[in-house]
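Residue-level listing of the chains:
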Amino acid sequence: MIQAFRQAPTDLQKRLEGVRTAFLLFNFIAAPLYMLEISLLGHWLDSPSSRWPYLALLLTFILTGLVLLGRRTGWVRTAFLAVMVVMTVTGLAGTFYHLFFNFEGEVDWAFQATTEALEGTRPVLAPLAFTHIGLTGLLCLYRAK
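Residues numbered from 1 in each chain as written. Predicted model: local features only at pLDDT ≥ 70, side-chain atom pairs only at ≥ 80, totals over all residues. Heavy atoms only, no water.

Visitor: Even after reading the chapter, I still don't get the overall build of the protein, so can you show me in this structure?
Guide: A count of helical and extended segments in the protein gives 6 helices and 0 strands. Ordering the α and β elements of the protein from the N terminus gives α-α-α-α-α-α. Across its three principal directions, the C-alpha atoms of the protein cover 60 × 30 × 25 Å. Burial analysis of the protein (145 residues in total) assigns 36% to the buried set. Within the protein, counting contacts between residues at least 6 apart in sequence, those at least 24 apart form 62% of the total. Surface exposure of the protein reaches about 9200 Å², of which carbon and sulfur atoms provide 70%. (Helix = DSSP H or I, 4+ residues; strand = E, 2+ residues; numbered from the N terminus. Buried < 20%, exposed > 50% of the residue type's maximum accessible area, 1.4 Å probe, protein only. Contact = heavy atoms within 4.5 Å. Areas by Shrake-Rupley, 256 points an atom, 1.4 Å probe, with all protein chains shown as cover.)

Put into structure tokens, the structure is as follows:
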């Protein structure tokens, strides 16, 4: 990405590559910060399924760094796309898991009950950050013809 930014022939392409690079830099910086947050909360120690977000963030950090440095090999792109899909799915699954846990037994989709579940003991917006990272990574690799 950084090479594509430097070698962009037109001003418009340079701006587009700059936006892509900025978004990938966001993912590159956000991944270790979320790993730190998960570590400090001890989330990754709760159960074997709680380790998936930590592993997905570690892979995101490594592969985003390789993409930013301009690795042109096919396996890097394929692995990056796969990890971004995993991040998106992990985020959505975590969101539903946190929401259903916050219902504390009976699921009630009434406005009041859902609002209380969104404000429950497990944060519902936290796993949506994973979805955000995944979708941002997927959008950064998209190139319109």
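There is more to say, and it comes next.
Visitor: So what exactly am I meant to see when it comes to the pattern of salt bridges here?
Guide: Side-chain pairs of opposite charge can arise where the charged atoms are in close proximity. In this structure the tally under the stated criterion is 2 salt bridges. Residue Asp11 pairs with Arg15 through a salt bridge whose shortest N-O separation is 2.7 Å. Of this pair, Asp11 and Arg15 both sit in helix 2 (residues 11–41), 4 residues apart, roughly one helical turn. We classify Arg15 as exposed; its relative accessible area is 51%. (Salt bridge = Lys/Arg side-chain N within 4 Å of Asp/Glu carboxyl O.)

Visitor: Even after reading the chapter, I still don't get the side chain of Thr95, so can you show me in this structure?
Guide: Mapping Thr95 onto the fold places it in helix 4 (residues 74–102). Taking relative accessible area as the criterion, Thr95 reaches 11% and is therefore assigned buried. Excluding residues that lie within four positions of it along the chain, Thr95 makes contacts with Val124, Pro127 and Leu128.

Visitor: Whenever I open this one, a nonpolar patch on the surface confuses me. Can you help?
Guide: Together, Leu92, Phe96, Phe100, Val107, Trp109, Leu125 and Leu128 make up an exposed nonpolar region whose accessible area comes to about 690 Å². Elements with a minimum of two residues in the nonpolar patch: helix 4 and helix 6 (125–141). Looking at the nonpolar patch element by element, the count peaks at 3 residues for helix 4. Checked against the element boundaries, Leu125 lands in helix 6. (Patch = residues over 30% accessible without salt bridge, like charges linked within 9 Å, V, L, I, M, F, W, Y side chains within 5 Å.)

Visitor: What is the right way to read the environment of Gly137 from this model?
Guide: In this structure, Gly137 sits in helix 6. Among the residues examined, Gly137 registers a relative accessible area of 0% and is labelled buried. Not counting residues within four places of it along the chain, the set of residues in contact with Gly137 comprises Asn27, Phe80 and Met84.

Visitor: Got a minute to help me understand helix 4 in this structure?
Guide: Because an α-helix completes one turn every 3.6 residues, residues spaced three or four positions apart along the sequence face the same direction. Look at helix 4: 42 Å from first C-alpha to last across 29 residues, which is about the 42 Å you get at 1.5 Å a residue. Of the residues trailing helix 4, Glu104 is marked for its positive phi of about 55°. (Expected span 1.5 Å × (residues − 1).)

Visitor: What is the right way to read the environment of Gly65 from this model?
Guide: Mapped onto the elements of the fold, Gly65 is located in helix 3 (residues 52–68). Spatially, the C-alpha atoms of Gly65 and Leu24 are 8.6 Å apart, while their sequence positions differ by 41 residues.

Visitor: Teacher, can you tell me more about the packing of helix 3 against helix 4 here?
Guide: Interhelical geometry of helix 3 versus helix 4 gives an angle of 145° and a closest axis separation of 9 Å. Seen along the crossing, helix 3 lies across helix 4 with a hand that is left-handed. Residues Pro53, Ala56, Leu57, Leu59, Thr60, Leu63, Thr64, Leu66 and Val67 of helix 3 form the contact with helix 4, whose participating residues are Trp75, Val76, Ala79, Phe80, Val83, Met84, Val86, Met87 and Thr90. Across the contact of helix 3 with helix 4, the residue classes break down as 15 nonpolar, 3 polar and no charged. (Axes fitted to C-alpha atoms, helices over the stretch in contact; angles between N-to-C directions. Left-handed = near helix turned anticlockwise from the far one by under 90°. Nonpolar A, V, L, I, M, F, W, Y, C, P; charged D, E, K, R; others polar.)

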